[in-house]
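These are the residues of each chain, in order.
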Amino acid sequence: MVKKNLSLVKERIAAACERVGREASEVGIVAVTKTHPPDVVRQAIDAGIETIGENRVQEAEAKYAEIGDACKWHLVGHLQRNKVKKALEIFEMIHSLDSARLADEIEKEAVKQSKSIPCLIEVNTSGEQSKFGVAPDNLAHLVAHVFKCEHIKLVGLMTIGPLTDDQVAIRKSFSRLRTLRDRIENVFGHYLPHLSMGMSDDFEIAIEEGATLVRLGRVLFGPRGA
Ligand SMILES: *Cc1c(COP(=O)(O)O)cnc(C)c1O
């Protein structure tokens with residue numbers, strides 16, 4: 001089932017790219033396996049998935065113990081400072097850096113583990129109170145702070161689209177992330193290749209607006225908790 005879903009998703013990614021003159025190879029899939037058992041991670045890898053996304057460190061830890069480095073692991077969910085050590089042992093990229101305090105903790109632990117960790121700053125582009133992410137007005141300040149952390153490689157921005165059927169609002173949220181990225185690149189003179197945006201219900205819009213990483217759960221693995 002995963003294989004079939006993945007091939008349908010790839011067709012939809014290709015079509016979205018085609019509409020805006022992008023190459024499908026510019027869009028990476030992060031297959032989000034939260035709530036699913038290790039066996040589903042294995043199915044995803046067998047189907048050709050290279051990168052697995054998890055939103056909780058503890059859950060990822062259990063799966064990582066079984067699957068190990070047969071895939072790349074990305075943390076897509078909120079990171080608590082007391083989970084940073086474990087997170088750095090598992091994940092190759094953190095999509096959810098959203099405060100200076102968290103950056104300091106990641107820096108401290110990366111030094112200890114003598115590694116450098118690629119991170120995306122999560123931005124709250126929708127203004128929804130329930131969402132994590134730095135407010136757009138505070139982004140430049142956080143970017144400046146993160147650039148001082150020598151063991152964090154800032155490689156882009158991440159956002160979660162608004163929870164709505166309003167396609168215009170969703171598109172606006174994604175184009176806002178792209179505009180913010182472009183502005184940060186200009187101000188700091190630092191290339192930020194990645195925009196992590198788009199989930200099962202809105203990934204095509206995200207791709208049209210420049211997504212380089214789409215985080216897909218249900219469209220690949222079916223409804224959670226079913
Ligand atoms: C669960 C989750 C996803 C995937 O969501 P789907 O709607 O199942 O595609 C993507 N990003 C984050 C941060 C998530 O927590």
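Residues numbered from 1 in each chain as written. Predicted model: local features only at pLDDT ≥ 70, side-chain atom pairs only at ≥ 80, totals over all residues. Heavy atoms only, no water.

S.K.: For this particular structure, what's the right way to read the nonpolar core?
M.R.: Grouped burial of nonpolar side chains is what soluble globular proteins tend to show. In terms of nonpolar packing, the biggest core is built from 63 residues, with I106 and I121 touching the most fellow members. A per-element tally of this core places helix α1 (residues 2–20) first, with 6 residues. Those residues in contact with I121, other than ones at most four positions away along the chain, are H95, L97, V134, L139, L142, V143, V146, L154, G156, L157 and M158. One finds V30, V76, V155 and M158 within the second-largest nonpolar core, a separate group that totals 7 residues. (Core = buried A, V, L, I, M, F, W, Y, C linked by side-chain atoms within 4.5 Å. Buried < 20%, exposed > 50% of the residue type's maximum accessible area, 1.4 Å probe, protein only. Helix = DSSP H or I, 4+ residues; strand = E, 2+ residues; numbered from the N terminus. Contact = heavy atoms within 4.5 Å.)

S.K.: Honestly, the pattern of salt bridges in this entry has me stumped. Any pointers?
M.R.: Once their charged atoms are close, side chains differing in charge can pair, the charge on each being opposite to the other. Tallying each qualifying case throughout the model produces 18 salt bridges. The partner of R56 in a salt bridge is E59, with the nearest N and O atoms 3.9 Å apart. Here R181 makes a salt bridge to D182, at a shortest N to O gap of 2.9 Å. A network of salt bridges, in which partner residues are shared, links R19, R171, R178, E208 and E209. (Salt bridge = Lys/Arg side-chain N within 4 Å of Asp/Glu carboxyl O.)

S.K.: Even after reading the chapter, I still don't get the environment of I117, so can you show me in this structure?
M.R.: Within the secondary structure, I117 sits in strand β5 (residues 117–122). Sequence separation between I117 and I94 is 23 residues; the distance between their C-alpha atoms is 7.7 Å. Setting aside its immediate chain neighbours within four residues, I117 contacts L88, F91, E92, M93, I94, I106, H151, I152 and K153.

S.K.: Even after reading the chapter, I still don't get unusual backbone geometry, so can you show me in this structure?
M.R.: For residues other than glycine, phi is negative in most cases, and the peptide bonds are mostly trans. A positive phi is found at T35, a non-glycine position, where the angle reads about 75 degrees. On the secondary structure map, T35 appears in the loop between β1 (28–32) and α2 (38–47). At S114, a residue that is not glycine, the phi angle is positive and equals roughly 35 degrees. In this structure, S114 sits in the loop between α5 (100–112) and β5. Note on S114: relative accessible area 66%, which makes it exposed.

S.K.: Please clarify how the environment of I49 should be interpreted in this entry.
M.R.: Within the secondary structure, I49 is located in the loop between α2 and β2 (51–54). Take I49: its relative accessible area is 6%, and that puts it in the buried class. In this structure the C-alpha to C-alpha distance between I49 and E11, which are 38 residues apart in sequence, comes to 15 Å. Ignoring any residue separated from it by four or fewer positions in sequence, one finds I49 in contact with L6, I29, A31, A44 and L220.

S.K.: So what exactly am I meant to see when it comes to the site of the ligand here?
M.R.: For the ligand, the full set of nearby residues is V32, K34, N55, V76, I160, M199, S200, R215, L216, G217, R218 and R224. Residue S200 places a side-chain N or O atom 2.5 Å away from an oxygen atom belonging to the ligand. A distance of 2.9 Å separates a nitrogen atom of the ligand from a polar atom in the side chain of R215. At a threshold of 2 Å from the grid points, most atoms of the ligand map onto the largest pocket. (Near = heavy atom within 4 Å. Polar contact = N/O pair within 3.5 Å; in protein donor to acceptor, adjacent residues only side chain to side chain. 1 Å grid on protein atoms, 1.4 Å probe; cavity = no way out; pocket = protein on both sides within 12 Å on 5 of 7 lines; lining within 4 Å. Sits in = over half its atoms within 2 Å of the grid points.)

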